[in-house]
Amino acid sequence: MSKNPVVLVHGLWNTVDIFWQLRSHLTNLGWDVYGLSMTPNNGDIGIDEQAHQLRDYIHQTLPPDQTLDIVGFSMGGLVSRYYLQQLGGLKLAQRFVSVATPHYGSVLAWTRRNVGGRQMRPGSRFLRHLNQDRARLETLQVTTIWTPLDMLVIPATSCRLSVGQDMQVLATSHNSLLREAPALDAITTALSR
């Protein structure tokens, strides 16, 4: 099987370093893995603005018209979706793997007063707009990976997208979906379809 380059997109308060285990795992299996650290990473700019950083990174790093796969973690899944759905990413992407992404928001976002936090609130205008357009993702191989034990995306079922394949993994926490063997296996399976 020919493997597309994989672009990793981190979430709130993270950098690309959160993917060190996943990156090592995928590299050992033969993938070329890329990732950027978006700034600022605390929600002080909108998810849509971060998606422009992702688009620019992809255009500057990969050859033009390179088919790619995207793994978006937590808020990074929303950044990825905005890139795919609004910024032309559907032309390049073959697979989108969403890991612990609050597609329908998280009640914890009500504790965040900045723009990124407001965008992740359940029922926000940003999420309503993104989800009204989610059928556009059906041109990709989409996999959503989540754990019912997630204590950052509340309710955890908010990670389910209703497009593509849904994979529930019994990982012990939100971030462990990037570290524990069952989660790494699920991501690998999603990228191998």
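Residues numbered from 1 in each chain as written. Predicted model: local features only at pLDDT ≥ 70, side-chain atom pairs only at ≥ 80, totals over all residues. Heavy atoms only, no water.

A few points about the side chain of asparagine 114
Piece 1. Relative to the elements of secondary structure, asparagine 114 occurs in the loop between strand S4 (93–99) and helix H4 (115–119).
Piece 2. Overall, asparagine 114 belongs to the buried group, its relative accessible area being 14%.
Piece 3. A distance of 2.8 Å separates a polar side-chain atom of asparagine 114 from the backbone oxygen of asparagine 42.
Piece 4. One polar contact links asparagine 114 to aspartate 44, side chain to side chain, over a distance of 3.0 Å.
Piece 5. Setting aside its immediate chain neighbours within four residues, asparagine 114 contacts Asn42, Gly43 and Asp44. (Helix = DSSP H or I, 4+ residues; strand = E, 2+ residues; numbered from the N terminus. Buried < 20%, exposed > 50% of the residue type's maximum accessible area, 1.4 Å probe, protein only. Polar contact = N/O pair within 3.5 Å; in protein donor to acceptor, adjacent residues only side chain to side chain. Contact = heavy atoms within 4.5 Å.)

A look at the sheet that holds strand S6 (residues 165–168)
Piece 1. If you trace the six strands from one edge of the open sheet to the other, you get S2-S1-S3-S4-S5-S6, paired in parallel fashion. Edge strands, defined here as strands with exactly one partner in the open sheet, are strand S2 (33–36) and S6. Ignoring which end each strand starts from, the neighbouring axes of this sheet average 20° apart.
Piece 2. Relative to S2, strand S1 (residues 6–9) runs parallel, the two sharing four bridges. By the bridge assignment, valine 9 is partnered in S2 with leucine 36. (Pairing = 2+ DSSP bridges. Axes fitted to C-alpha atoms, helices over the stretch in contact; angles between N-to-C directions.)

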